[in-house]
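Listed here are the chains, written in short residue letters.
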Amino acid sequence: MNFDTFSLAAMAHELRHTLSGGRVQRVTQINSLTYSFEIFIHPIRHYLTLSAEPQAPRLHLTLNKSRRGVGHETPLMLVLRKYMRGAKLAGIEQPPYERILYFYFDSPFEPTILAAEMLGTRSNLVLLNAEQTVLGVARLPKGDAQSGQRTLLPNQYYQPPPPLQKLLPAQLTEYTLRQELAEASPEFKLARLLPQILNGVSPLLAKEITFRATGSAETTVGELTALSPLLQAVAQLFAQLDSNAWQPTLAFDEDDSPVAFAPYTLTHLPPPRPTAPFS
């Protein structure tokens, strides 16, 4: 389970509604890659967790105050303490179809931006000033980083992850879809093809699209008999990015253990359970 484009969009909507205008009272380092922000909006204290752990990147609200973990304070923690204490959360933005949230703070020192890059094993947390200069990074590049590879270092200009060379949802038409299908093997599963050709589609979302369009999440390219249902399923789900009509859902296996979460109904999995809020 991971945060995809849709999960971040739903979370951004929830956080804007809950935290906008709040002031940071405290930042706690849970571990070297996970931090908790105590944000006060009279009369409630909210707790926002952000983590760049490679196997479990996440950001969400929690019910209780987090405790400081063991270990030394990281360089990122030192700059967070300097710039975040008393800072006001002024806005949250998500670049279209990206897995990144930018938190804009009016700091007592200077305006800052916290970039939460929820990119799977490449996830990171980066604090920037208003000129996009890096102030602190959760995960510094390794010493063997290849030349020309994107690096994030303090005092350097921030470079966001390069955009993926995929179709935008608005570019997916019967013509472009037919072209992509013609280049794929008939045995190739649609749920594997869609994330490769369409921006903003995760493996989980691809299975949901395929199921809604064909009645099975395992449908192959050769088994697709009509394009309209697939296009309609894509349009229906992507419309939620504009409407914010989210339907947070958990899916469970036969042992009643959670196997997936999404901000839309997971019709392709065993009976899902609605949850609210998304956090």
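Source: prediction; values computed, not measured.

Draft legend 1. Up close: the nonpolar core. Residues Phe37, Met84 and Phe103 are the most contacted members of the largest nonpolar core, which totals 73 residues. No other element matches the 8 residues that helix α1 (residues 5-19) contributes to this core. Ignoring anything within four residues of it in the chain, the contact list for Phe103 reads Leu15, Leu48, Leu50, Leu89, Gly91, Ile92, Thr112, Ile113, Leu114 and Ala116. Core analysis: the second largest hydrophobic core is formed by 10 residues, Ile100, Val126, Leu128 and Tyr158 among them.

Draft legend 2. Spotlight on the pairing of strand β11 (residues 258-262). With 4 bridges joining them, strand β10 (residues 249-252) and β11 adopt antiparallel strand pairing. Among the inter-strand pairings, Phe252 is bridged to a residue of β11, identified as Pro258. Where β10 folds back onto β11 in an antiparallel hairpin, the turn is made up of 5 residues, including Asp256, whose phi is positive at roughly 65 degrees.

Draft legend 3. Highlighting the environment of Thr28. The topology assignment puts Thr28 in strand β1 (residues 23-31). Sequence-distant contacts of Thr28, that is, excluding residues within four places in its chain, are made with Thr34, Tyr35, Ser36, Ser66, Arg67, Arg68 and Met77.

Draft legend 4. Region of interest: α1. For α1, which comprises 15 residues, the first-to-last C-alpha distance of 20 Å matches the rise-based estimate of 21 Å (1.5 Å per residue) to within 8%. With 12 of 15 residues buried, α1 is to be regarded as a mostly interior element. Those residues of α1 that fall on the buried side of the exposure criterion are Thr5, Phe6, Ser7, Leu8, Ala9, Ala10, Met11, Ala12, Glu14, Leu15, Thr18 and Leu19. Between the side-chain oxygen of the N-cap and the backbone nitrogen of Phe6 there are 3.2 Å, and the N-cap of α1 in question is Asp4.

Criteria and cut-off values
- Residues numbered from 1 in each chain as written.
- Predicted model: local features only at pLDDT ≥ 70, side-chain atom pairs only at ≥ 80, totals over all residues.
- Heavy atoms only, no water.
- Core = buried A, V, L, I, M, F, W, Y, C linked by side-chain atoms within 4.5 Å.
- Buried < 20%, exposed > 50% of the residue type's maximum accessible area, 1.4 Å probe, protein only.
- Helix = DSSP H or I, 4+ residues; strand = E, 2+ residues; numbered from the N terminus.
- Contact = heavy atoms within 4.5 Å.
- Pairing = 2+ DSSP bridges.
- Expected span 1.5 Å × (residues − 1).
- Polar contact = N/O pair within 3.5 Å; in protein donor to acceptor, adjacent residues only side chain to side chain.

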